[in-house]
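Fold and contact review
What follows is the residue order along each chain.
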Amino acid sequence: MNRPHLLLVEDESNIAQALLFNLELEGYRVTHVTTGAAALERFAGERCDLVILDLMLPDSHGIDICRQIRRQDKRLPILILTALSEEQHRVDGLDAGADDYLTKPFSLGEFLLRIKGMLRRSQWYRPESRAEIISFGANRVNLAELSADTAHGPITLTELEGRMLAAFFAAEGEVLSRSHLLEQVWGLTADTETRTLDNFVVRLRKHFEADPATPRHFQTVRGRGYRFVREPDSGGKAD
Ligand code: CA
């Protein structure tokens, strides 16, 4: 990818100017808009490689913008920025298809690392290499098409959910540490503090567990991490 093109959607001019300045220093091409309407217009008009999306916009809520972008492009990396400390907004953002979030105020260093990691992962992504269909419980998952049939009905997966499932499927029955998953799925270093991972496990359980409150396939292994078990009744032991 030569000179990635980023779409920055941020109405607070101090923050926008600081981000713009630093992103351009890093060599990115940046289109900056301040409203949801302008974001959708630019998104429709020109290809971009990543979207940085503030949630509180003057004309709309970033969650709606995120959902609309995701409806048209399943794979485009979306980073949401929120000034709201409430967990619920972050969960809503991830539900709407965002890949990651940063809560303001954040450090520029952390911000630039996230952008770099997200772009790198979207380049790594090779859907054709994961053509296999995985069945477990009442679920059939097609990673290449990012689709699945579940006990709760057919669903479309986001790219990040697909990567997370691929990591679990590749290590079936093994305990995956949080740091392993963060590195494998998000490309973050092991000491990064993020609840995103736990939120995504909650989402996978909502999709694929008959009873998400008592997971059988996506198990928590206390103090160690998570484990995927394809057939919990035949040998897999829940903690
Ligand atoms: Ca704002």
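This section reports on the structure supplied with the text.

Cut-offs applied
- Going along each chain's sequence as written, the residues are numbered from 1 onward.
- Local features are withheld for residues below a pLDDT of 70 in this predicted model, meaning they are given only at 70 or higher, and side-chain atom pairs are given and counted only at 80 or more; totals for whole chains, interfaces and linings count all residues.
- To obtain the side-chain values, all non-hydrogen atoms of the structure were used and water was disregarded.
- Note on definitions: angles span 0 to 180 degrees between N-to-C directions of axes, and those axes are lines fitted to C-alpha atoms, for helices only across the stretch in contact.
- A run of DSSP states H or I qualifies as a helix once it reaches four residues; a run of E qualifies as a strand once it reaches two. Both are numbered from the N-terminal end.
- Angle categories are assigned with fixed cut-offs, so that under 35 degrees is roughly parallel, over 145 is roughly antiparallel, 65 to 115 is roughly perpendicular, and the rest are oblique.
- Here a crossing is called left-handed whenever its near helix is offset anticlockwise from the far helix by less than a right angle, and right-handed whenever the offset is clockwise.
- Working rule for contacts: check all heavy atoms of both residues, and any pair within 4.5 Å makes them a contact.
- Here, nonpolar core refers to any group of buried Ala, Val, Leu, Ile, Met, Phe, Trp, Tyr and Cys residues whose side-chain atoms link them within 4.5 Å.
- Buried residues are those whose accessible area, probed at 1.4 Å on protein chains only, stays under 20% of the maximum for their type, while exposed residues exceed 50% and partly exposed ones sit between those limits.
- Residue ranges labeled as domains rest on an automatic or database domain assignment.
- Ligating atoms shown are N, O and S within 2.8 Å of the metal, or 3.2 Å for Na, K and Ca, and water is not included, meaning a site may look less than complete.
- Planes of paired rings set the category: under 30 degrees apart is stacked, over 60 is edge-to-face and the rest tilted, where pairs are Phe, Tyr or Trp rings (Trp by its six-membered ring) whose centres lie within 6.5 Å.

**What to know about the packing of helix H4 (residues 87-95) against helix H8 (residues 196-208)**
Interhelical geometry of H4 versus H8 gives an angle of 55° and a closest axis separation of 11 Å. Comparing their axes, H8 and H4 come out oblique. Along this stretch, H4 crosses H8, giving a crossing that reads as right-handed. Contacts from Glu87, Val91, Leu94 and Asp95 in H4 reach Thr196, Asn199, Phe200, Arg203 and Lys206 in H8.

**Regarding the nonpolar core**
Judged by nonpolar contacts, the single largest core of 50 residues is most densely connected at Val51, Leu53, Val141, Met164, Leu165, Phe168 and Phe208. Looking at which element gives the most residues to this core, the answer is helix H6 (residues 159-170), with seven residues. Two domains share this core, each providing at least three of its residues, namely domain 1 (5-124) and domain 2 (133-228). Beyond its immediate stretch of four places on either side in the chain, phenylalanine 168 contacts Leu176, Leu181, Leu204, Phe218, Tyr226, Arg227 and Phe228. One finds Tyr28, Leu50, Leu102 and Ile115 within the second-largest nonpolar core, a separate group that totals 17 residues.

**Description of the coordination of the calcium ion**
Around the calcium ion, the protein supplies Asp11 (OD), Asp54 (OD) and Met56 (O) as donor atoms, at distances of 2.1 to 2.3 Å. Site description for the calcium ion: donor spacing in sequence, D-x42-D-x1-M. Note on methionine 56: relative accessible area 45%, which makes it partly exposed.

**Regarding the packing of aromatic side chains**
Across all of its chains, the model carries nine aromatic pairs by this definition. Note on phenylalanine 136 and phenylalanine 169: the rings are 5.8 Å apart at their centroids and 65° apart in plane angle, and the pair reads as edge-to-face. Here phenylalanine 169 lies in helix H6 and phenylalanine 136 lies in strand S6 (residues 133-136), a separation of 33 residues in the sequence. For the pair phenylalanine 136 and phenylalanine 169, one class covers both residues: buried. Plain terms: the ring middles of phenylalanine 136 and phenylalanine 228 are 5.0 Å apart, the flat faces sit at 85° to each other, and that makes the pair edge-to-face. Of this pair, phenylalanine 136 sits in strand S6 while phenylalanine 228 sits in strand S12 (residues 225-228); the two residues are 92 residues apart in sequence, bridging distant segments of the chain. Like phenylalanine 228, phenylalanine 136 is buried. Taken together through their ring pairs, the aromatic side chains of Phe136, Phe168, Phe169, Phe208, Phe218 and Phe228 make up a single cluster.

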